[in-house]
Every structure is written in structure tokens, then in C-alpha cells.
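Reading the structure
If you want the building blocks of each chain, they are given just below.
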Amino acid sequence: MYVCVCKAVSHKHIHRAVNEGAVSLRDLKNLTGLGTCCGKCVPDARRTLTEATARR
Ligand code: FES
């Protein structure tokens, strides 16, 4: 399921980005482009980032 519809970024993409070293929303934006269009995905992206970093 997409977190960011505008940039077609899924939960899986976020987990992969975290595994590759992303630690902040800025990192995710730079790596995936999420949140750079309408911004509606940012709260869900932040939650997913928190979950993914907790698993590392
Ligand atoms: Fe992510 Fe629009 S849904 S920028």
C-alpha cells in the first residue's frame, strides 16, 4: 500500500530506505521523493519511519 500516492512510495520503500541508512524524514524525502508534492503523506511517513528505525 502506498504511503505517498504522489510519488508512489510504499511502506516497503520506506523500510528499504531505513535499511540503507535513512534516519530522518529529510533522508526519506531525499531518497524517495515522498512528501515533496501535496505533503498529505508526511504524518504516515513519519509513523512508518519511527516503526522502521525501532526495528533496526
Ligand atoms: Fe506524498 Fe502527496 S501523497 S506528497
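This is a predicted model, so every value here is computed, not measured.

1. Describing unusual backbone geometry
Located in the positive-phi region is Ala8, a residue other than glycine, with phi close to 55°. By relative accessible area, Ala8 is classed as partly exposed at 35%.

2. Some remarks on the nonpolar core
Judged by nonpolar contacts, the single largest core of 15 residues is most densely connected at Ile14, Leu25, Leu28, Leu34 and Ala45. Mapped by element, the contributors of at least two residues to this core are strand E1 (2–4), helix H1 (11–19), helix H2 (25–32) and helix H3 (42–55). Among the elements that take part in this core, H3 stands out by supplying 4 residues, more than any other. Non-local contacts of Ile14, meaning those with residues more than four positions away in its chain, are made with Val3, Val9, Leu28, Leu34, Ala45, Thr48 and Leu49.

Reading the values: rules and limits
Residues numbered from 1 in each chain as written. Predicted model: local features only at pLDDT ≥ 70, side-chain atom pairs only at ≥ 80, totals over all residues. Heavy atoms only, no water. Buried < 20%, exposed > 50% of the residue type's maximum accessible area, 1.4 Å probe, protein only. Core = buried A, V, L, I, M, F, W, Y, C linked by side-chain atoms within 4.5 Å. Helix = DSSP H or I, 4+ residues; strand = E, 2+ residues; numbered from the N terminus. Contact = heavy atoms within 4.5 Å.

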